[in-house]
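The residues making up each chain are set out below.
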Amino acid sequence: MTTSSVRLRPKNVWEVFRVFLRLGVTSFGGPVAHLGYFHEEFVERRRWLNDREYADLVALCQFLPGPASSQVGMAIGLQRAGLWGLLAAWSAFTLPSAIVLVGFAFGVASFGDLSDAGWISGLKAAAVAVVAHAVFGMARTLTPDAKRATIALLSLIAVLLIPHVAVQVIAIVAAGLIGLVWLRTEAPDASEPMKHFSVPRPVAIGSLAIFGALLITLPLVVAATGNSVAQLFDSFYRAGALVFGGGHVVLPLLEAEVVGTGMVSADAFLAGYGAAQAVPGPLFTFAAYLGAMNELGPTGLVGAAIALIAVFLPAALLVIGVLPFWERVRHFSHARRVLMGVNAGVVGILAAALYAPVFTLGITSPLTLAIAAAAFVALRMWKAPAWAVVIAAAVLGWLLL
């Protein structure tokens, strides 16, 4: 089946939505774990991408500002079913946690602090297994020789010793430069056609133009009008557009935008952040909670919708704008050597993340280690689907912890 026939069949949009919806309700553990879930689903099981293509997407999204795991999901949806596929992937992966957090904002807080709940501990242990499974699978393909394994090791050491998001970006850049001068060029696989993202060049350029225009003009509109809707949209758009690494990295900027301006109280911010740790999907859906809690208006469902769209819009515009050009560049010989190094660096960064924060937060007792080990064997040896492993781990955690 050709890529053109794939993107013209509407049922593929539903397929993308269905798969990402299941991931949206089972993908606990944060952005690194999400990349593990995606690898298991789209590389290991469905084979929509191979290891190298997937690693290329991960590497690119690490460079782009915004939530990296959500951008990878958007890119997969875009490749599979065009722009509607991107929208289907984003909405299905994002809405489950957003709905739960908006419900929490409306007062569904009777569960109290869930951070020590047994089923949450089981989910964290499952995330350790999912990430480990992804790292092993990617390492086998992307670091098959001593040189690339060494690049991965150097990236791992750098990120572990200096745990800052800027170091991750520097490590990826350094890995690419090492690959350019040290690695031999791999010949492109003639049997593998170039991926087509079904985005016309004018649309891609227009998306990049809109991204920059909104970043520049929104603060001017707010300053000129004082409009509360524009202020809410600008605050969350800027957070999504200027933060690299996503996830927890966006929290300081969001706190400054909403607590510092009086939109949300400090206590409400911390309560929502605690709730966000107990839901699946991207942490950026915390924006929906903050929009619903906005005391300056708009608030409720309207505020939640504005904040949620605004914080993810930069990521979507960048994916649409950058990917069509990226897919052409990555097939040039010099670019392939850079990508070989970058992919090895990504393996090292994911391996570092497997230790901290995934392992350090997920393995808190011998029982959680046992659950993680069992989940890893189920994924690796029995080829069990990730969603089933996650549910089983949650049940075990509820029963045993």
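Residues numbered from 1 in each chain as written. Predicted model: local features only at pLDDT ≥ 70, side-chain atom pairs only at ≥ 80, totals over all residues. Heavy atoms only, no water.

Draft legend 1. Structural detail: helix α6 (residues 118-142). Its 25 residues give α6 an end-to-end C-alpha distance of 36 Å, which sits within 8% of 36 Å, the value for a rise of 1.5 Å per residue. Most of α6 is tucked away, with 19 of its 25 residues classed as buried. (Helix = DSSP H or I, 4+ residues; strand = E, 2+ residues; numbered from the N terminus. Expected span 1.5 Å × (residues − 1). Buried < 20%, exposed > 50% of the residue type's maximum accessible area, 1.4 Å probe, protein only.)

Draft legend 2. Layout of the environment of Phe286. Tracing the sequence through the fold places Phe286 in helix α13 (residues 286-292). Classification of Phe286 as buried rests on a relative accessible area of 1%. Considered as a pair, Phe286 and Leu308 are 22 residues apart in the sequence and their alpha carbons are 8.2 Å apart.

Draft legend 3. Focus on the packing of helix α16 (residues 366-380) against helix α17 (residues 386-400). Where α16 contacts α17, the axes come no closer than 10 Å and their chain directions differ by 160°. In terms of orientation, α16 and α17 fall into the roughly antiparallel class. The crossing of α16 and α17 is right-handed. Packed against α16, whose contacting residues are Leu367, Ile371, Ala375, Ala378 and Leu379, the element α17 presents Ala386, Val389, Ala393, Leu396, Gly397 and Leu400 at the interface. (Axes fitted to C-alpha atoms, helices over the stretch in contact; angles between N-to-C directions. Parallel < 35°, antiparallel > 145°, perpendicular 65-115°, else oblique. Left-handed = near helix turned anticlockwise from the far one by under 90°. Contact = heavy atoms within 4.5 Å.)

Draft legend 4. Spotlight on the pattern of salt bridges. Here the structure, examined in full by the defined rule, presents seven salt bridges. The shortest N-O distance in the salt bridge between Arg22 and Glu41 comes to 3.0 Å. With Arg22 in helix α2 (residues 11-26) and Glu41 in helix α3 (residues 31-45), the pair connects residues that are 19 residues apart, well separated along the chain. In this structure Arg22 comes out as partly exposed when scored by relative accessible area, which is 22%. Take Glu41: its relative accessible area is 3%, and that puts it in the buried class. Look at the salt bridges and you will find they share partners, linking Arg22, Glu41, Arg45 and Arg46 into a network. (Salt bridge = Lys/Arg side-chain N within 4 Å of Asp/Glu carboxyl O.)

Draft legend 5. Seen up close, the packing of helix α4 (residues 51-63) against helix α14 (residues 300-329). Look at α4 against α14: their axes get within 12 Å of each other, and the N-to-C directions meet at 130°. Judged on the interaxial angle alone, α14 and α4 are oblique. The handedness of the crossing between α4 and α14 comes out as right-handed. Together, Asp56, Leu57 and Leu60 of α4 and Val322, Leu323 and Trp326 of α14 make up the contact between the two elements. Residue classes in the contact of α4 with α14 are distributed as five nonpolar, no polar and one charged. (Nonpolar A, V, L, I, M, F, W, Y, C, P; charged D, E, K, R; others polar.)

Draft legend 6. Spotlight on the environment of Ala344. Relative to the assigned elements, Ala344 resides in helix α15 (residues 333-362). The spatial distance from the C-alpha of Ala344 to the C-alpha of Ala149 is 6.8 Å, given a sequence separation of 195 residues.

Draft legend 7. Summary view of unusual backbone geometry. Pro298 follows Gly297 through a cis peptide bond whose omega is -10°. Its place among the elements puts Pro298 in the loop between α13 and α14. The backbone phi angle of Lys383 is positive, close to 60°, even though this residue is not glycine. Within the secondary structure, Lys383 sits in the loop between α16 and α17.

Draft legend 8. Looking closely at the packing of aromatic side chains. Tallied over the full model, the rule gives 15 aromatic pairs. Aromatic pair Phe20 and Phe38: ring centres 5.7 Å apart, planes at 70°, arrangement edge-to-face. Residue Phe20 is located in helix α2, and its partner Phe38 is located in helix α3; the two are separated by 18 residues in the primary sequence. Both residues of the pair, Phe20 and Phe38, belong to the buried class. Taking 6.2 Å as the distance between ring centres and 15° as the angle between the ring planes, the aromatic pair formed by Phe233 and Tyr237 counts as stacked. Separated by four residues within a single helix, Phe233 and Tyr237 lie in helix α10 (residues 228-242), roughly one turn from each other. Residues Phe233 and Tyr237 agree in their burial class; the two are buried. By way of ring pairs, the aromatic residues Phe20, Phe38, Phe42, Trp48 and Phe93 are connected into one cluster. (Phe/Tyr/Trp six-rings, centres within 6.5 Å; stacked < 30°, edge-to-face > 60°.)

Read these as geometric descriptors, not functional statements.
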